[in-house]
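Chain residues, written in single-letter form:
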Amino acid sequence: MSTPSPTVSGSCLCGAVRYRVTDGLKQAMGCHCRECRKSTGHFLAFTAAWTDKFELEGEDSLGWYRSSEHSRRGFCRTCGSPLFFYTEESDRIAITLGSLDEAPSLGPMAAHLFVSEKPDYYALDDDAPQYEKGGDKVPMPPRE
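Residues numbered from 1 in each chain as written. Predicted model: local features only at pLDDT ≥ 70, side-chain atom pairs only at ≥ 80, totals over all residues. Heavy atoms only, no water.

1. Some thoughts on the nonpolar core
Val17, Tyr19, Val21, Leu25, Phe54, Phe84 and Ile95 are the most contacted members of the largest nonpolar core, which has 19 residues in total. Of all the secondary structure elements, the ones that give two or more residues to this core are strand 2 (18–21), strand 8 (82–87) and strand 9 (92–96). When residues of this core are assigned to their parent elements, the largest contribution, 3 residues, is made by strand 8. Sequence-distant contacts of isoleucine 95, defined by excluding residues within four places in its chain, comprise Tyr19, Val21, Leu25, Ala45, Phe46, Thr47, Ala48, Ala49, Phe54, Leu83 and Phe84. One finds Cys31, Cys33, Leu44 and Ala111 within the second-largest nonpolar core, a separate group that totals 11 residues. (Core = buried A, V, L, I, M, F, W, Y, C linked by side-chain atoms within 4.5 Å. Buried < 20%, exposed > 50% of the residue type's maximum accessible area, 1.4 Å probe, protein only. Helix = DSSP H or I, 4+ residues; strand = E, 2+ residues; numbered from the N terminus. Contact = heavy atoms within 4.5 Å.)

The structure is reproduced here in C-alpha cells:
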C-alpha cells in the first residue's frame, strides 16, 4: 500500500495563478503531439492529479483555450505560462511539470505519447514505453 504524498504546489511564471495538489501525482510523462509542441514550444512534460485533490488560486488570471472538441488547455493570462490540460468530464487534470514549485520525485519518464508526431530534431533514448498515439497506460496515484 502506498503512503500519501505530501502536498505539492505550483504556479505560473508571474505567480498570478497558483495551485496545490494533495495525495500524490502521476508519474512524469511526455506528449509529443503537434498541439502540445505548439502550446509549449517543445514536447509537453507533464504529470496529472485527481481533480478532487486539486485546488486553484487566481482563477480570474487563468485562461482556457479549447484545443479540441473535448479538451482545453489552461494558461496564465498575464505571463502566458502553459499550466494545465483538461478533458471535459474527466476526474483528472494534467499539469505541466515545469510549473511545479519543487518537483517531487516522480521518477524518470514513465511513457511517451504520440511519438508518431514527434519531429526528428530530438531523440527518445530512455527505456519508457512509447505509444504511437495516446495509449496512456500509466496509473494514477491511489485516492487516499
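2. Observations concerning the sheet that holds strand 5 (residues 54–57)
With respect to topology, 3 strands assemble into an open sheet ordered 1-2-5, the strand pairing being antiparallel. The two strands at the open ends of the sheet, each matched to only one other strand, are strand 1 (8–11) and strand 5. For this sheet, the mean angle separating the axes of adjacent strands, direction not counted, is 20°. Here 4 bridges tie strand 1 to strand 2, and the two strands are oriented antiparallel to one another. When the sheet's bridge partners are listed, serine 11 is paired in strand 2 with arginine 18. (Pairing = 2+ DSSP bridges. Axes fitted to C-alpha atoms, helices over the stretch in contact; angles between N-to-C directions.)

3. Regarding the environment of leucine 113
Its location among the elements puts leucine 113 in strand 10 (residues 111–113). Considered as a pair, leucine 113 and glycine 134 are 21 residues apart in the sequence and their alpha carbons are 5.2 Å apart. Ignoring sequence-local partners within four residues, the contact set of leucine 113 consists of Met29, Gly30, Cys31, His32, Cys33, Phe46, Tyr131, Lys133, Gly134, Gly135 and Asp136.

4. Quick word on the confidence of the model for the protein chain
For the protein chain, mean pLDDT is 91; residues scoring 70 or higher make up 96% of the total. Mean pLDDT across the elements of the protein chain ranges from a minimum in helix 1 (residues 34–40), with 93, to a maximum in strand 2, with 97. (pLDDT = per-residue confidence, 0-100.)

5. Focus: the pattern of salt bridges
Scanning the model with the defined rule gives 8 salt bridges in all. A salt bridge links arginine 20 to glutamate 57; the nearest nitrogen and oxygen atoms lie 2.5 Å apart. Taken as a pair, arginine 20 in strand 2 and glutamate 57 in strand 5 lie far apart in primary sequence, 37 residues in all. For arginine 20, a relative accessible area of 32% corresponds to the partly exposed category. A residue is classified by how much of its surface remains accessible, and glutamate 57, at 36% relative accessible area, is partly exposed. Across the salt bridge formed by lysine 53 and aspartate 23, the nearest N and O atoms sit 3.1 Å from each other. In this pair, lysine 53 is assigned in the loop between strand 4 (44–50) and strand 5 and aspartate 23 in the loop between strand 2 and strand 3 (29–31), connecting sequence segments 30 residues apart. Lysine 53 gets classed as buried once you look at its relative accessible area, which sits at 16%. One network of salt bridges, with partners in common, ties together Asp52, Asp91, Arg92 and Arg143. (Salt bridge = Lys/Arg side-chain N within 4 Å of Asp/Glu carboxyl O.)

6. As for the side chain of serine 81
Its place among the elements puts serine 81 in the loop between strand 7 (71–76) and strand 8. A polar contact of 3.1 Å, which involves the side chain of serine 81, links it to the backbone nitrogen of leucine 13. (Polar contact = N/O pair within 3.5 Å; in protein donor to acceptor, adjacent residues only side chain to side chain.)

7. With respect to the packing of aromatic side chains
Under the definition given, this model contains 6 aromatic pairs. An angle of 70° between the planes, with centres 5.4 Å apart, marks the rings of tyrosine 19 and phenylalanine 84 as edge-to-face. Note that tyrosine 19 is positioned in strand 2 and phenylalanine 84 in strand 8, a separation of 65 residues in sequence. As far as burial versus exposure is concerned, tyrosine 19 and phenylalanine 84 are alike and both buried. (Phe/Tyr/Trp six-rings, centres within 6.5 Å; stacked < 30°, edge-to-face > 60°.)

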